[in-house]
Amino acid sequence: MIDVIGQINAVRRQVGDRALEAGEGRTVTVSQSYPTGLADLWDACTDADRISRWFLPVSGELRLGGHYQLDGNAGGTIERCNPPHSFGATWEYDGAVSWIEVRLTAESASLTRFELEHLLPVDAKWAEFGPGAVGIGWELAMSGLGLHLPTGLPMDPSEAAAWMVSTEARQFVTLSGRRWCEMQLAAGIDPEAAGSMADRTIAAYTAAPDPAPDSASA
């Protein structure tokens, strides 16, 4: 279903720091270039019907100031929108609030870079799982986007569910988790702590059909 190695290598990852009003924050950023035009990628990321074809069913008002709800996952409010280049929203899940921003950049007429930045508070969940908790989830979603764009067709739910418990999926999660561990090490995190975060995150993603300890995909 997915070229695991190719997809892992196609993603750029970054972990950063940012101050929050209520304390310290971390940014988890993922990006990937897709062979499609800017307008098509914007439509895939902002049209409710198309979002459901590669990510999750979404309800609500997908407009500035509107509230959205992903089926069985996060909801929030759209706080910024600059079509067809970027939008920002709150990401409200399991009683916690974080923030996402999606930025699209045309690299040519037929190649567009997708970049997503997720800003999270440094809390107990971050201390336990680190950046991979959301990073792996977003990478799984980005792989779905890559499968959707060439044809515009929806994913088959049964095929997606079967893949999520496959050896390939375990390989994907493990490789992604290790890459996020490398990002932690590059940021100066203690190797033992970074390794423990990655181990816990990989175990959480591979332990159950719904793989997200801090949900970015389902």
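As shown above, the structure is provided for reference.
The notes below deal with the structure included here. All residue numbers refer to position in the chain's written sequence, counted from 1. Only residues with pLDDT of at least 70 are given local features in this predicted model, and only at 80 or more are side-chain atom pairs given and counted; all residues enter the totals for whole chains, interfaces and linings. Side-chain figures throughout are based on the complete set of non-hydrogen atoms in the structure, without hydrogens or water.

With that out of the way, let us pick up the pattern of salt bridges. Salt bridge, as used here: a side-chain nitrogen of Lys or Arg that lies within 4 Å of a carboxyl oxygen of Asp or Glu. Under the defined criterion, the tally for this structure stands at 15 salt bridges. In this structure, the salt-bridge partner of R50 is D40, at a minimum N-O distance of 2.8 Å. With R50 in helix 3 (residues 48–54) and D40 in helix 2 (residues 38–46), this pair connects stretches of sequence that are 10 residues apart. Residue R103 is joined to E117 by a salt bridge in which the shortest nitrogen-to-oxygen separation is 3.8 Å. With R103 in strand 7 (residues 96–108) and E117 in strand 8 (residues 111–121), the pair connects residues that are 14 residues apart, well separated along the chain. Residues joined in a network through salt bridges with shared partners are R18, E79, R80, E101, R103, E115 and E117. Secondary structure counts use DSSP, requiring at least four H or I residues in a row for a helix and at least two E residues in a row for a strand, with both numbered from the N terminus.

Here we take up empty space enclosed by the protein. Here a cavity is any set of points on a 1 Å grid over the protein atoms alone where a 1.4 Å probe fits but cannot get out, and a pocket is any open set with protein on both sides within 12 Å along at least 5 of 7 lines; a residue lines the site when it has an atom within 4 Å of a point. Grid points are joined across faces, edges and corners, and a volume is the space filled by probe spheres set on the points. Tallied over the entire structure, the rule returns 2 cavities of 30 Å³ or more. Approximately 60 Å³ is the volume found for the largest cavity. Split into classes, the residues belonging to the lining of the largest cavity amount to 7 nonpolar, 4 polar and no charged. Volume-wise, the second largest cavity comes out at about 40 Å³. Around the second largest cavity sit V30, W54, F114, L116, W138, A141 and M142, which together line it. Within the lining of the second largest cavity, the residues separate by chemical class into 7 nonpolar, no polar and no charged. In this count, Pro and Cys sit with the nonpolar residues alongside Ala, Val, Leu, Ile, Met, Phe, Trp and Tyr, while Asp, Glu, Lys and Arg are called charged and the others, Gly among them, polar.

On to the packing of aromatic side chains. For any pair of aromatic rings, the description rests on two quantities: the centre-to-centre distance and the angle between the ring planes. Planes of paired rings set the category: under 30 degrees apart is stacked, over 60 is edge-to-face and the rest tilted, where pairs are Phe, Tyr or Trp rings (Trp by its six-membered ring) whose centres lie within 6.5 Å. In the structure shown here, the tally under the stated rule is 6 aromatic pairs. Note on Y34 and F114: the rings are 6.4 Å apart at their centroids and 75 degrees apart in plane angle, and the pair reads as edge-to-face. With Y34 in strand 2 (residues 23–34) and F114 in strand 8, this residue pair connects regions lying 80 residues apart in the sequence. Neither Y34 nor F114 differs from the other in exposure class; each is buried. With a centroid separation of 6.1 Å and an interplanar angle of 80 degrees, the aromatic rings of W163 and F172 are classed as edge-to-face. Each member of the pair, W163 as well as F172, is classed as buried. Relative accessibility under 20% of the residue-type maximum defines a buried residue, over 50% an exposed one, and the middle range a partly exposed one, all with a 1.4 Å probe and only protein chains included.

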